[in-house]
Amino acid sequence: QVQVVESGGGLVQAGGSLRLSCAVSGRTSSITAMGWFRQAPGKERAFVAGIRWSGGMTNSADSVKGRFTISRDNVNNTVYLQMNSLKPEDTAVYYCNSVNFFSWRPTGSWGQGTQGTVSS
């Protein structure tokens, strides 16, 4: 089991950027892939982007392709989500979680998340 602590959220104007961080601890040796998810008000939690721990192959939702970039620092057990060209519809609580290597579905427990708010 791994634990995650998300940070880096905040308020930004449309077109701006945020860089989210996810500090991972616990059984980090068991991690095969990590992902970012988000939940907007009134909507289900949705996959945003994922990265395989070894190799670094990534996957992302169509809605964020070209704007968001996921990366990881294996040495420091940290996952990042660089969010550029932000839109009001990106406003959500962003969560980090371990994900299945093949399906990108979440496999761990949810943390508190970090709020990203984009104003128009």
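Throughout what follows, the structure given in this document is the object of discussion. (Residues numbered from 1 in each chain as written. Predicted model: local features only at pLDDT ≥ 70, side-chain atom pairs only at ≥ 80, totals over all residues. Heavy atoms only, no water.)

**Some words on the nonpolar core**
Phase 1: Within the largest apolar cluster, 27 residues are counted, with the highest numbers of intra-cluster contacts made by Met-34, Trp-36, Val-79, Leu-81 and Tyr-94.
Phase 2: Put simply, the parts of the chain that give this core at least two residues each are strand E1 (2–7), strand E3 (18–26), strand E4 (33–39), strand E5 (46–52), strand E7 (68–73), strand E8 (78–83) and strand E9 (92–98).
Phase 3: Here this core takes four residues from E3, the largest share from any one element.
Phase 4: If sequence neighbours within four positions are ignored, Val-79 has contacts with Leu-20, Ser-21, Cys-22, Val-24, Met-34, Trp-36, Ile-51, Trp-53, Ile-70, Ser-71, Arg-72 and Cys-96. (Core = buried A, V, L, I, M, F, W, Y, C linked by side-chain atoms within 4.5 Å. Buried < 20%, exposed > 50% of the residue type's maximum accessible area, 1.4 Å probe, protein only. Helix = DSSP H or I, 4+ residues; strand = E, 2+ residues; numbered from the N terminus. Contact = heavy atoms within 4.5 Å.)

**Some details on the state of the cysteines**
Phase 1: Taken as a whole, this structure holds one disulfide when the rule is applied.
Phase 2: Across the disulfide from Cys-22 sits Cys-96; the S-S distance is 2.3 Å. Between Cys-22 and Cys-96, the S-S torsion sits near -85°, and that sign places the bridge as left-handed. Taken together, the positions of Cys-22 in strand E3 and Cys-96 in strand E9 put the pair 74 residues apart, joining distant regions of the chain. Each member of the pair, Cys-22 together with Cys-96, is buried. (Disulfide = S-S within 2.5 Å.)

**Quick notes on the packing of aromatic side chains**
Any two aromatic rings considered together are summarised by their centre-to-centre distance and by the angle between their planes.
Phase 1: In the structure shown here, the tally under the stated rule is five aromatic pairs.
Phase 2: Aromatic side chains Phe-37 and Phe-47 sit 5.6 Å apart centroid to centroid with 75° between the ring planes, which places their arrangement in the edge-to-face category. Remark: Phe-47 occurs in strand E5 and Phe-37 occurs in strand E4; sequence separation between them is ten residues.
Phase 3: The exposure class of Phe-37 is buried, given its relative accessible area of 4%.
Phase 4: Given a relative accessible area of 22%, Phe-47 falls into the partly exposed group.
Phase 5: Between the aromatic rings of Tyr-95 and Trp-110, the centroid separation amounts to 5.8 Å while the plane-to-plane angle is 75°, which identifies the pairing as edge-to-face. You can see Tyr-95 sitting in strand E9 and its partner Trp-110 sitting in the loop between E9 and strand E10 (114–119), a full 15 residues away along the chain.
Phase 6: Here the basic side chain of Arg-45 rests over the ring of Tyr-95, its NZ or CZ set 4.6 Å away from the ring centre.
Phase 7: A cation sits over an aromatic face here: Arg-45 above Trp-110, 3.7 Å from the ring centre. (Phe/Tyr/Trp six-rings, centres within 6.5 Å; stacked < 30°, edge-to-face > 60°. Lys NZ or Arg CZ within 6 Å of the ring centre and 35° of its normal.)

So, to be careful, I would describe these as geometric facts and stop short of saying anything about function.
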